Amino acid sequence: MHSNIAAELRLRGEQLLQGQIDALLDSYIFPLPLFLPEQRLLLSGRDEARVVFGLLRHWLLRSGVTALQPQVLAVELPRAGRFRMWVDWHERIMPSGETRTCSAIYYCRATNLGPRIEMVNYTRLSMPELHQEFEALALSA
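Worth saying up front: this structure is predicted, and the values here are computed from it rather than measured. Every residue gets a number counted from 1 within its own chain, in the order that chain's sequence is written. Two thresholds apply to this predicted model, a pLDDT of at least 70 for residue-level local features and 80 or more for giving and counting side-chain atom pairs, whereas whole-chain, interface and lining totals are computed over all residues. Derived side-chain values reflect all non-hydrogen atoms in the structure, with water molecules and hydrogen atoms excluded from consideration.

Student: I would appreciate a short explanation of the packing of aromatic side chains in the present structure.
Tutor: Each aromatic ring pair is summarised here by two numbers: the centre-to-centre distance and the angle between the ring planes. The aromatic pairing rule takes the rings of Phe, Tyr and Trp, using the six-membered ring of Trp, and pairs them if the centres are within 6.5 Å, calling planes under 30 degrees apart stacked, those over 60 edge-to-face and the rest tilted. Enumeration over the complete set of coordinates arrives at one aromatic pair. Aromatic pair Y28 and F53: ring centres 5.3 Å apart, planes at 40 degrees, arrangement tilted. Here Y28, found in the loop between α2 (21-25) and β1 (32-36), pairs with F53, found in helix α3 (residues 46-62); they are 25 residues apart in sequence, far enough to count as distant. Each member of the pair Y28 and F53 is classed as buried. Per the convention used, a helix needs a DSSP run of H or I reaching at least four residues, while a strand needs a run of E reaching at least two, with both numbered from the N terminus. Between buried and exposed lies partly exposed: a residue is buried under 20% and exposed over 50% of the maximum accessible area for its type, with that area taken using a 1.4 Å probe on protein chains only.

Structure, rendered in structure tokens:
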């Protein structure tokens, strides 16, 4: 099961970096609560999510991230079709070869289309400078 989930997450990372935001959004259920270390966001639908994920993609590319490698730390046994995943995202930065890490807990629902994410709790952000960007988005909503 971990290998299937890791493969799905790798695909989602590739979709984000390649700008395939609409395809990426198919794996989420809205409204989507996002818990960040210093704030909370509620993405009411795809339009808001497109802005947030577009901003995240912009900052990743701007900082030189060329690959996102998920490391699935744990997957909870499903109960009533819901489960959590603990994931570290390793961001490969080029040309330096440096790696940064972002950590998240994904709250998922099993569906006929595969697992879909209902909520995300980011426990560690790799780019604290995004805090101000997300705060501005939260205030404008």
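Student: So what exactly am I meant to see when it comes to the pairing of strand β3 (residues 65-75) here?
Tutor: Regular strands place their side chains on alternate faces of the sheet. Paired strands are those between which DSSP finds at least two bridges. Here β3 runs beside strand β4 (residues 82-93); their pairing, made up of nine bridges, is antiparallel. Residue V75 lies in a different strand from β4, and its bridge partner there is M85. Turn length for the β3-β4 hairpin, with the two strands adjacent in sequence and antiparallel, is six residues, and the turn residue A80 shows positive phi of about 55 degrees.

Student: When you look at the nonpolar core in this model, what are you seeing that I'm missing?
Tutor: As a rule of thumb, soluble globular proteins bury nonpolar side chains together. By size, the foremost hydrophobic cluster in this structure holds 38 residues, and its most contacted members are F53, M85 and Y106. The element that contributes the greatest number of residues to this core is α3, accounting for seven residues. Residues within four places of F53 in sequence aside, it is in contact with L16, I21, L24, L25 and Y28. Note on terminology: a nonpolar core comprises buried Ala, Val, Leu, Ile, Met, Phe, Trp, Tyr and Cys residues joined through side-chain atoms within 4.5 Å. Note on contacts: a residue pair qualifies if any of its non-hydrogen atoms lie within 4.5 Å across the two residues.

Student: I keep staring at the pairing of β1 and nothing clicks. Help me out?
Tutor: Going residue by residue along β1, you find L32, L34 and L36 tucked away on one face and P33 and F35 left uncovered on the opposite face. Sheet topology places β1 next to strand β2 (residues 39-43); five bridges connect them, and they run antiparallel. Paired with L36 across the strands is Q39, a residue of β2. Here β1 hands over to β2 after two residues, the two strands then running antiparallel side by side. In the sheet, β1 pairs with strand β6 (residues 114-124) via two bridges, with the strands oriented parallel. Paired with L34 across the two strands is V120, which belongs to β6.

Student: Would you explain unusual backbone geometry in this entry?
Tutor: Trans is the common state for peptide bonds, and a negative phi is the common state for residues other than glycine. Omega for the peptide link from F30 to P31 comes to 0 degrees, which places this bond in the cis form. Cis peptide bonds are those with omega within 30 degrees of zero, and the linkage from M94 to P95 qualifies with 10 degrees. Among the secondary structure elements, P95 is positioned in the loop between β4 and β5 (99-111). Despite not being glycine, A80 shows a phi value in the positive range, around 55 degrees. In this structure, A80 sits in the loop between β3 and β4.

Student: Looking at this structure, how should I read the side chain of S103?
Tutor: Tracing the chain through its elements places S103 in strand β5. Not counting residues up to four positions away in its chain, the partners in contact with S103 are V87, D88, N121, Y122, T123 and R124.

Student: Is there a simple way to think about the side chain of S126 in this case?
Tutor: Along the chain, the position of S126 falls in the loop between β6 and α4 (130-140). What makes S126 buried here is its relative accessible area of 15%. Any N or O atom pair separated by 3.5 Å or less is treated as a polar contact, with the protein-specific requirement of one donor-capable and one acceptor-capable atom, and with residues adjacent in sequence counted only for side-chain atom pairs. A polar contact of 2.8 Å, which involves the side chain of S126, links it to the side chain of E91. With residues near it in sequence (within four places) discarded, S126 still touches E91, R100, T101 and C102.

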